[in-house]
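Spelled out, the chains give:
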Amino acid sequence: MKKILIQGGQRLRGSVAVAGSTALALTSQIAALLASTGELKLANVADTMTVDTMNERLRKLDLAVTVQ
């Protein structure tokens, strides 16, 4: 199993282009929880029940989630 280890106090920045990937959307949302501040924008995300459920869970953590 691969893992990602993030060390240091540097701000996470960058972008990844994967069209309509539910798995990438979910992992990106989870990774955003690690950030103390900032905003995560995802585009071209598959409209699935799994992504909707994650959005609801994030809202329950008092995070602002907007779907456009």
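Residues numbered from 1 in each chain as written. Predicted model: local features only at pLDDT ≥ 70, side-chain atom pairs only at ≥ 80, totals over all residues. Heavy atoms only, no water.

### Points about the nonpolar core
Thought 1: Formed by A25, L26, V51, M54, L58 and V65, the largest nonpolar core amounts to six residues.
Thought 2: Contributing elements (two or more residues each) for this core: α1 (22–32) and α2 (49–60).
Thought 3: In terms of residues, this core owes the most to one element, α2, which gives three residues.
Thought 4: Setting aside anything within four residues of it in sequence, one finds L58 in contact with Q29, L33, L63 and V65. (Core = buried A, V, L, I, M, F, W, Y, C linked by side-chain atoms within 4.5 Å. Buried < 20%, exposed > 50% of the residue type's maximum accessible area, 1.4 Å probe, protein only. Helix = DSSP H or I, 4+ residues; strand = E, 2+ residues; numbered from the N terminus. Contact = heavy atoms within 4.5 Å.)

### A word on α2
Thought 1: If you check α2, its first and last C-alpha atoms are 17 Å apart, about what 12 residues at 1.5 Å a residue would give, namely 16 Å.
Thought 2: Residues V51, M54, N55 and L58 constitute the buried set of α2. Around the axis of α2, the buried residues are gathered within 105° of arc, so they sit on the same side. Turned more than 90 degrees away from the buried face of α2 sit M49 and K60, all of them exposed. (Expected span 1.5 Å × (residues − 1). Arc of directions from axis to C-beta.)

### Description of the side chain of S28
Thought 1: In this structure, S28 sits in helix α1.
Thought 2: Accessibility expressed as a relative area gives 19% for S28, which makes it buried.
Thought 3: In contact with S28, other than residues within four places in its own chain, are L40 and L42.

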